[in-house]
Amino acid sequence: MSQVQVSSESFAAVRRYSEAFCREHGEYPRCFVLTFGCQQNVADSEKLSGMAEQMGYVLTENPEEASLILVNTCAIREHAETKALSIVGQYKHLKEKNPELVIGVCGCMVAQEHRREQLKRSYPYVSFILGTSVLHRLPERLLRVLSERKRRFENAEECVIAEGVPITRESDYRAWVSIMYGCNNFCSYCIVPYVRGRERSREPADVIAEVKDLVARGYKDITLLGQNVNSYGKGREDGYDFADLLADLDAIEGDFLLRFMTSHPKDASKKLIDVMANGKHIARHFHLPLQSGSNDVLLRMNRRYDRARYLEILDYMREKMPDIAVTSDIIVGFPGESDADFEDTLSMLSRARFDMLFSFIYSPRKGTPAAVMEDQIPRAVQNARFDRLLAAQESIALSLNEPFVGKRIRVLCDGPSKTDAGMLSGRNSENKIVFFPDDGSKQGEFVEIEIDRAAPFALYGKRV
Ligand code: SAH
Ligand code: SF4
Ligand code: F3S
């Protein structure tokens, strides 16, 4: 895989524009970054922010005062796209107030030609687009916009790994580390392989150096990211794989938790589970998206596993780590999903007993095989199945959380709860949300909590 280093020249060139701005206005220009989508996009946005700072921008939370707005979009479902487009639409009035404002639309949505055309045609106040595979080219793209005063909508696809991109992390105790990019799986409903390109893995030494540095700087919770982490390193001559990487990272000294997302059930290996079971730092949480409990639907989804294979890996995991929390994703209303198929999903739910479930209503994505399959399911049927799924999951989740009552667990404090005044929240190794009264515990601190109440989606307790 060809590796590229970011070029310092374009950083310096844009910086000169920022300095000129500063001479004129008495302060450096501001940059607002807005993020939609998954953790991978959050990690990408931290790079957009890092690059913006290196180019002389000051980050702001307020789009009204920004000279540069970067919208990092998601394309996973229709709703994600319409939300992003509607927000971009709202920036029209900002551009009218300040013609110098530069608006860039980045991320997964703009890797699709029809969205690029739409932005070019119907959003004249958008200055440029930047796909995920060329994220590291932000300085060059911006430089051309600033120097030529022309809009730029070309989408150069590049299958490279960019190292050395500056990162401004949102948190000083939780961190995201992309270990690979792209996806080769082509699940028939999914847009990701089309918008994030082919699978490519970073060098182990680069990942290990990044994680070591984070631990040394006091990061307590580190999540390794990839669309299918189990195919990390595929094609390497030395056979080094994800389990090897996880074992090497687990050997780093320090007080921290190591997580990873996402594992594809067809590739999750017993070797990986053994590494987890013997690990010192690896969180007791496994996210293993099932998508459907029907073998028929799984086949048409091109998932390349069946119920039996899924349960085999799940049972092995629970045998080695009885305390492991398992979470999953389900899509309801996939084309052709019959009542019987949906019953199969419900029966897998009671057999697999997930700690938490992320359920989605199928959304057709232009250009994917499933979008043109026959027998698209009517919205009312999708909704009814969705509601049944949620109800079934709620009682399972509660029954899995109840045994925590009376136990003491270690929780990484995230600071004040967003919903409950006077309460703090945090997460434990199993990634469960835990609420406890504000006793002055600090954000980013591990605290010991005695649980006194369980709910389907959270645990409640007091610091011991
Ligand atoms: N790479 C990960 C997940 C990527 S997307 C994996 O393979 O598990 C996150 C979740 O979004 C998927 O697991 C799936 O449940 C859901 N999803 C993807 N495409 C979708 C679509 N077209 N409609 C509805 N949900 C979708
Ligand atoms: Fe999409 Fe499947 Fe790749 Fe996950 S593994 S990103 S669901 S194509
Ligand atoms: Fe969305 Fe792209 Fe992630 S489509 S879910 S932001 S990989």
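Data block above holds the structure.
Residues numbered from 1 in each chain as written. Chains lettered and ligands numbered in written order. Predicted model: local features only at pLDDT ≥ 70, side-chain atom pairs only at ≥ 80, totals over all residues. Heavy atoms only, no water.

**What to know about the site of ligand 1**
Phase 1: Around ligand 1, 15 residues are found, and the nearest of them are Gln227, Pro289, Gln291, Asp329 and Ser363.
Phase 2: Contact distances for ligand 1 include 3.2 Å between a nitrogen atom and a side-chain N or O atom of Arg77.
Phase 3: Within the side chain of Gln227, one N or O atom sits 2.8 Å away from a nitrogen atom of ligand 1.
Phase 4: Protein contacts shield 90% of the accessible area of ligand 1, which totals 540 Å² for the unbound molecule.
Phase 5: For the shell around ligand 1, the secondary-structure elements that each account for two or more residues are β14 (325-332) and β15 (356-361).
Phase 6: Looking at the shell around ligand 1, its residues break down into seven nonpolar, four polar and four charged. (Near = heavy atom within 4 Å. Polar contact = N/O pair within 3.5 Å; in protein donor to acceptor, adjacent residues only side chain to side chain. Areas by Shrake-Rupley, 256 points an atom, 1.4 Å probe, with all protein chains shown as cover. Helix = DSSP H or I, 4+ residues; strand = E, 2+ residues; numbered from the N terminus. Nonpolar A, V, L, I, M, F, W, Y, C, P; charged D, E, K, R; others polar.)

**Considering the pairing of β14**
Phase 1: Burial analysis of β14 places eight of its eight residues in the buried class, which makes it a mostly covered element.
Phase 2: Because side chains alternate across β14, one face comprises the buried residues Ala325, Thr327, Asp329 and Ile331, and the other comprises Val326, Ser328, Ile330 and Val332, equally buried.
Phase 3: Pairing of strand β13 (residues 285-287) with β14, which is carried by three bridges, proceeds in the parallel orientation. Residue pairing for β14: Phe286 is matched across the bridge by Val326.
Phase 4: Relative to β15, β14 runs parallel, the two being bridged by six bridges. Bridging across to β15, Val332 finds its partner in Ile361. (Buried < 20%, exposed > 50% of the residue type's maximum accessible area, 1.4 Å probe, protein only. Pairing = 2+ DSSP bridges.)

**Examining the sheet that holds strand β18 (residues 433-437)**
Phase 1: Taken together, the five strands give a closed barrel; going around it, the order is β16-β17-β18-β20-β19, and neighbouring strands pair in mixed fashion. When the angles between neighbouring strand axes are averaged without regard to direction, this sheet yields 50°.
Phase 2: Relative to β18, strand β17 (residues 423-428) is paired through five bridges, and the arrangement is antiparallel. Looking at the pairing, Ser425 lines up with Phe435 of β18. (Axes fitted to C-alpha atoms, helices over the stretch in contact; angles between N-to-C directions.)

Just distances and angles here, no functional claims.
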